[in-house]
Amino acid sequence: MGVGHLTSALDADEEPSRRSGRAVAAPAFWEAPLRSSLFVGGREITADHLDALVASRAEEIGPGRLVLLQGANDVEFVVSLLACLRAGSPVIVSGSAGSTAPLVEKFDPDVVVDPMSDGPRVQHRRTDAAHDLHPDLALLLSTSGSTGSPRLVRLSRQNVATNAVAIAEYLRLGPEDRAVTSLPLHYCYGLSVLTSHLVAGAAVVLTDLSVVDRCFWSLVEGMGVTTIAGVPYTFDLLDRTGFAESPPPSLRRLTQAGGAMAPDTVRRYARLGREHGFDLYVMYGQTEATARMAYLPPELAEEHPTSVGVAIPGGELRIDPLPSEEATGWPRRSGEVVYRGPNVMMGYASSAAELAGGPQLTELRTGDIGHLDGEGLLHLEGRRSRFAKICGLRIDLDHVERTLAARGVHALCVGDDERLVVGVVAGSDGVDAAAGAAVREVVDLPLRRLAVVALDQEPRLPSGKVDRSAVLAAATEMDTPSAASSVGAVLAAATGARSVGPTDTFVSLGGDSLSYVEASVMLEEHVHPLPESWHLMTVADLEAVAASGRRSSRRWVHLDTGLVLRAAAVVLIVGNHMDVFTILGSAHVLLAAAGFNMSRFLLSDPVGDHHVRRWGTAVGRVALPAVLWIGIGLFFLDRYTTGALLQVNNWIGEPTPERMAWRYWFIEVLVQCLVIAGIVFAVPAVRRLERRYPFAFALSVSVALTLVRFAPFEPDRLYWYRTGRVAWVFALGWAAHRARTVPQRLVVTALAAVGSWGFFSIELRNAILLGGIVLLVWVGTVPVPSASRRLVGAMAASSLAIYLIHGDVYPVVQRYVPVPPVALLVTLALCLAIARTSSAAWRHSVAFVGARGDQLSVDGLGMKAAAAVAVTRTRVPGVRHSRS
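Remember, it's a predicted structure, so these values are computed and weren't measured experimentally.

(A) Main features of the overall build of the protein chain. Scanning the protein chain for helices and strands turns up 29 helices and 28 strands. Out of the 884 residues belonging to the protein chain, those deemed buried represent 58%. Looking at the protein chain alone, contacts between residues at least 24 apart form 70% of all its contacts between residues at least 6 apart.

(B) The packing of helix 23 (residues 694-709) against helix 24 (residues 723-738), seen in detail. Close contact between helix 23 and helix 24 brings their axes to 8 Å; oriented N to C, the two are set at 160°. On the basis of the axis angle, helix 23 is roughly antiparallel to helix 24. Classified by chirality, the crossing of helix 24 by helix 23 is left-handed. Contact residues: P694, F695, F697, A698, L699, V701, S702, L705, T706, V708 and R709 in helix 23; G724, R725, A727, W728, A731, L732, W734, A735 and R738 in helix 24. Its residues assigned to classes, the contact of helix 23 with helix 24 comprises 14 nonpolar, 3 polar and 3 charged.

(C) Structural detail: the environment of M578. For M578, the location among the structural elements is in the loop between helix 16 (561-577) and helix 17 (586-602). Sequence separation of M578 and T827 is 249 residues, and the distance between their C-alpha atoms is 9.6 Å. Once residues within four sequence positions are removed from consideration, M578 is found in contact with Y810, Q814, A823, L824 and T827.

(D) Up close: helix 17. The end-to-end C-alpha distance of helix 17 is 23 Å, a good match for the 24 Å that 17 residues give at a rise of 1.5 Å each. With 17 of 17 residues buried, helix 17 is to be regarded as a mostly interior element.

(E) Quick peek at the side chain of T241. Secondary-structure assignment places T241 in helix 7 (residues 232-241). Classification of T241 by relative accessible area gives buried; the value is 13%. Within the structure, T241 has its side chain in polar contact with the backbone oxygen of L238 (distance 2.9 Å).

(F) Local environment of the pairing of strand 20 (residues 378-383). Pairing geometry for strand 19 (residues 364-372) and strand 20, over 5 bridges, is antiparallel. Residue L372 lies in a different strand from strand 20, and its bridge partner there is L378. Between strand 19 and the antiparallel strand that follows it, strand 20, lie 5 residues; G376 among them carries a positive phi value of about 80°.

(G) Quick peek at a nonpolar patch on the surface. Taken together, the side chains of L628, W629, I632, F635, F636 and L637 define a hydrophobic patch exposed on the protein surface, amounting to about 690 Å² of accessible area. Of note, W629 is situated in helix 18 (residues 611-637). Its relative accessible area of 31% is what places W629 among the partly exposed residues.

(H) Representation of the side chain of R292 in the model. Here R292 shows up in the loop between strand 13 (279-284) and strand 14 (294-296). Nearest to the buried, unbridged R292 among oppositely charged side chains is E288, at 9.9 Å. Ignoring anything within four residues of it in the chain, the contact list for R292 reads N163, I167, Y170, Y189, S192, A257, M283, Y284, G285, I312 and N343.

(I) Representation of the sheet that holds strand 19 within the structure. The 4 strands are arranged 16-17-19-20 in an open sheet whose pairing can be described as antiparallel. Either end of the sheet is taken by a strand with one partner, and the two such strands are strand 16 (316-320) and strand 20. Shown here is a sheet whose adjacent strand axes are inclined to one another by a mean of 50°, direction ignored.

(J) Examining unusual backbone geometry more closely. Geometrically, the link from A32 to P33 is a cis peptide bond, its omega value of -5° lying close to zero. By secondary structure assignment, the location of P33 is in the segment before strand 1 (38-40). Residues other than glycine seldom take positive phi values, yet D108 does so here, at roughly 50°. Relative to the helices and strands, D108 resides in the loop between helix 3 (97-107) and strand 5 (111-113). Given the relative accessible area of 25%, D108 is considered partly exposed.

About the thresholds
- Residues numbered from 1 in each chain as written.
- Predicted model: local features only at pLDDT ≥ 70, side-chain atom pairs only at ≥ 80, totals over all residues.
- Heavy atoms only, no water.
- Helix = DSSP H or I, 4+ residues; strand = E, 2+ residues; numbered from the N terminus.
- Buried < 20%, exposed > 50% of the residue type's maximum accessible area, 1.4 Å probe, protein only.
- Contact = heavy atoms within 4.5 Å.
- Axes fitted to C-alpha atoms, helices over the stretch in contact; angles between N-to-C directions.
- Parallel < 35°, antiparallel > 145°, perpendicular 65-115°, else oblique.
- Left-handed = near helix turned anticlockwise from the far one by under 90°.
- Nonpolar A, V, L, I, M, F, W, Y, C, P; charged D, E, K, R; others polar.
- Expected span 1.5 Å × (residues − 1).
- Polar contact = N/O pair within 3.5 Å; in protein donor to acceptor, adjacent residues only side chain to side chain.
- Pairing = 2+ DSSP bridges.
- Patch = residues over 30% accessible without salt bridge, like charges linked within 9 Å, V, L, I, M, F, W, Y side chains within 5 Å.
- Areas by Shrake-Rupley, 256 points an atom, 1.4 Å probe, with all protein chains shown as cover.
- Salt bridge = Lys/Arg side-chain N within 4 Å of Asp/Glu carboxyl O.
- Lys, Arg positive; Asp, Glu negative; His and termini not counted.

Here it is in structure tokens:
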């Protein structure tokens, strides 16, 4: 059964339709000693250590205090939550930084805990408790995240404990299980994953990575995760990641709640689980029932994909008839779903004064309409009230309308399980862009789940009633927007994409290491702090981060390490060639950064299709500008060789002292490595193997190529420019990106030390190469002065162009500027200006003929997209259309 310590287990021979109504014992899982461990960043926080942290935090908070805890998927959140439960201090869980201030104003907590704070995490607002709190009160959650009704759900200690036990029981959790925080812990579903595993003595892996991030799957496999939870949108993302090709071998169960999932998707994942050894649990719940009310036994999922199953252990479900005025249009067997069980909330609270009240409910009228079939399985059909459930959040549509009206925005709200549509009536104070901003402040939803339409007037039915269905129809007929947001405009500008939707990511738009530089620097204007894995986040999610982020006036900003290395390396390369100084090795560091970026962009595509186009574009962005420039030098100035033009001089060129033929060895090596890798990964079996064992695959290639580097070839004074002898550097950059745990990073660092030992005859050059790889392995971002951010970004973005043209610029500069350091600055400035000007001219010429210019852009910045793109509008009487 897996949860042997539970005192009320299900009988093995009991029919699934009968699994309800059982009394479940509820051990207080927050009491000492704790039996579960946490994993974060590759390290384990043992049960004993966690218990000590909880005890210390409980003493710091004190008993009988009203605590507000800001949500985060980290150790501080878990410790503080358990400490409040242990100390007997009711805790309000806040969804985001933006929702904290209103809760503080409304409920006046005694203590505020901010896990993300740079200062004291526990902030005592007073020395004594200010409120009369019911002794059983444990947890206060928003009914719909930070959206909708302003009431909080009051959950007792029994509610929290019994629901955790029931979930652990029907999921058959045991101490050997490990869950990963694929959902936010402030969300009742995500929180139930934590509590059910804690009550079973199972471990929890803490992360805020998305399921589209390759790092997430490396973490899942490395930690042996057995449980992954998701809402329907999560499963859409799983389809894009290629999950079906190679599910993690440790996975034992996928759980789904937060809204209805398509029957075909249920069948497909149930069948996939049967083939790969994991179970799919479709579940149903509400915050008012702590988390879960029903679950579909996995053996029934393929046969009953439209059902949410039976009541959880200890609970009961029934269907009450609808009032006659509401029954029209519903089947006779349908009615309101009513749930009874020990996890039903105490009641609602709209103010601190209501926190002293005791339980007010013995059963929960869910507002959902459904029926029980002949096998006792529950099927949901719709909702009674004006609520929408989107991304697992129950949104009070009337409350949204009232809140917008208070802000001077006359709006009509409609919604379904997919999105919320807000129609804004002309004449409001905040129509169009301003209205869109107001809606986003009131409704905390991803932009992909939100549409705003502008109305000439209120659409009316013949009876004179407001026709909200016309608003929904108008939104349905709207075209998908191009770049309607600041984030979308930035990604369009950086990648040259002509259409950017809310579910697009930088990688899915064809972004690579060249356009990454431009995009990251521009995004810092809107998204702060910029998440490390932003290139894998959707436009909507980045907009959400931008909306909730707090701008900083600090003098220092943190830029991507690879970006800073590119900017620094190109300066060192030009300075070395001009004999201003002798600091060699930076070009080889760039080669490691190129391998890092190959892994980050070309191997991290969540869609995984269009292989030839993506790899061809990556090669073309490097090779084509080089061929163009070298061709001019060869045919008009007789400077280079045919081998250099064809990017193979390092294979056929003679090792002579003449520098012109060997000037572009770096581009030749990079192009050859990308071409070879593209051919290898064109084989589906190879892609599947790399996806399943990302670090082991990269490390194996790195070890093999490092051995080749030591092979006893005939000595050659230019051997470190030949692909066979330097490909190990490229592969180590790839392995550096795949290394996620401390042991993995130590292995890559050791291999880098072995490879760089004696590689060059100059020890400083070897040290620079090793130091650059170490930075890629261990340092994600580098602090730079805020004022220099744009310059560093421009240098990095134009590094290819500067590398190509500087050899023809600096001889002219040195003729007129005799001071070497000044000549270097002038050369860099001229090269940067030429690179940016030529790129802009190219983009404008391409835009003129209506083609994409990103694939041939000299500095790889791509064609800038306009911040606002016209959207085709479909006329609906009384409605005009726009999108936010």
